[in-house]
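Residue-level structural notes
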Amino acid sequence: MMPMRRYHQSWLPAMFDDFFDNEWMKKTNATAPAINVIETDTEYKVEVAAPGMNKEDFNIHVDENGNLVIAMEKKTETKHLKFFGIGRILPFLKNVRGQILMMVSLAIVSSLVDITIPQFQRYALDTFVGRGSMANILPFVIAYIAMILLAAVVNYISCAQATIVEMKVNRELRQVGFRHLQTLSFSYFNQNSVGYIHARLMSDTGRIGGLVSWWLIDCTWRVSYLVGVIFSMLRT
């Protein structure tokens, strides 16, 4: 039985092989791995230098002519990081439930303050400028300054809570992600760039952290502000 390597290459259409011998082109194949066949009295031992390949990627058999055929076919299996859906994100939010509740509540308060401040300005224009009356100007100034300070404090606290939520969620997601990466086989890292995997993990977890913090607070503010403006317009 004669060991042999079989190439599956079609650089030129098969019809040209009938007229031109292109065997010399097949010999230029630089992707064929080094193969060492060790023959004993009872068996053949095949050693193949193929980094990134598994035993399942090889098909070794004897054909009808008694030749030892080694066929290689890389089974590409695209693996992606698991998508963290809403249901999978919820367990990571248990430790920040208090911050999220405070963040959402302060976003509603902030929208109400932003609606109220223009009402103060309208009152000042109608009373102090339009009518020329300076009555009750001191209580107005005190109340107006208090609203400005309230808006500043509310925005500061809500932003601080959003930052805490983002950092904690990012940290827990990345811990779980990196622990999962440590359980993958070496062949996975032979097929996928380690730098790309780490970059995607950092980027995706950062987006998820921003989704449950800044996006949530911004969405809450916009919805409550819109409802408050509509109510204020209908009321007046």
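About the cut-offs
- Residues numbered from 1 in each chain as written.
- Predicted model: local features only at pLDDT ≥ 70, side-chain atom pairs only at ≥ 80, totals over all residues.
- Heavy atoms only, no water.
- Axes fitted to C-alpha atoms, helices over the stretch in contact; angles between N-to-C directions.
- Helix = DSSP H or I, 4+ residues; strand = E, 2+ residues; numbered from the N terminus.
- Parallel < 35°, antiparallel > 145°, perpendicular 65-115°, else oblique.
- Left-handed = near helix turned anticlockwise from the far one by under 90°.
- Polar contact = N/O pair within 3.5 Å; in protein donor to acceptor, adjacent residues only side chain to side chain.
- Salt bridge = Lys/Arg side-chain N within 4 Å of Asp/Glu carboxyl O.
- Buried < 20%, exposed > 50% of the residue type's maximum accessible area, 1.4 Å probe, protein only.
- Phe/Tyr/Trp six-rings, centres within 6.5 Å; stacked < 30°, edge-to-face > 60°.
- Core = buried A, V, L, I, M, F, W, Y, C linked by side-chain atoms within 4.5 Å.
- Contact = heavy atoms within 4.5 Å.

1. A word on the packing of helix α4 (residues 97-130) against helix α5 (residues 137-181)
The N-to-C vectors of α4 and α5 enclose an angle of 155°; their axes lie 8 Å apart at closest approach. Between α4 and α5, the angle is such that the two are roughly antiparallel. α4 and α5 meet at a crossing whose hand is left-handed.

2. Examining the environment of Thr-163
Position of Thr-163 relative to the elements: it lies in helix α5. Looking at Thr-163, its side chain comes within polar contact range of the main-chain oxygen of Cys-159, at 2.8 Å.

3. Remarks on the pattern of salt bridges
Per the counting criterion, the structure on display carries 2 salt bridges. Residue Arg-200 pairs with Asp-204 through a salt bridge whose shortest N-O separation is 3.0 Å. Residue Arg-200 and its partner Asp-204 are located together in helix α7 (residues 194-235), separated by 4 residues, close to a single helical turn. For Arg-222, the salt bridge goes to Asp-218, with nearest N and O atoms at 2.7 Å. You can see Arg-222 and its partner Asp-218 sitting in helix α7, 4 residues apart, about one turn around the helix. With relative accessibility at 52%, the residue Arg-222 sits in the exposed group. When its relative accessible area of 34% is taken as the criterion, Asp-218 is described as partly exposed.

4. So, the packing of aromatic side chains
Describing an aromatic ring pair means giving the distance of the ring centres and the angle of the ring planes. All chains considered together, the criterion is met by 8 aromatic pairs. Centroid distance Tyr-123 to Phe-140: 5.8 Å. Interplanar angle 35°. Geometry classified as tilted. Taken together, the residues span a long stretch of sequence, with Tyr-123 in helix α4 and Phe-140 in helix α5 at a distance of 17 residues. Residues Tyr-188 and Phe-189 carry aromatic rings whose centres are separated by 5.5 Å and whose planes lie at 85° to one another, so their mutual orientation is edge-to-face. Assessed through its relative accessible area of 25%, Phe-189 is described here as partly exposed. Ring pairing ties together the aromatic residues Phe-120, Tyr-123, Phe-128, Phe-140 and Tyr-144, which thus form one cluster.

5. Examining the nonpolar core
Ranked by internal contacts, the top residues of the largest apolar core, which has 14 residues, are Leu-93, Val-96, Ile-100, Val-165, Val-169 and Val-212. A per-element tally of this core places α5 first, with 4 residues. Beyond its immediate sequence surroundings of up to four residues, Val-212 is in contact with Ile-89, Leu-93, Met-103, Val-165 and Val-169. If you look at the next biggest cluster of nonpolar residues, it comprises 8 residues, including Val-113, Ile-117, Phe-120 and Met-147.

Any functional reading would require information that these geometric values do not contain.
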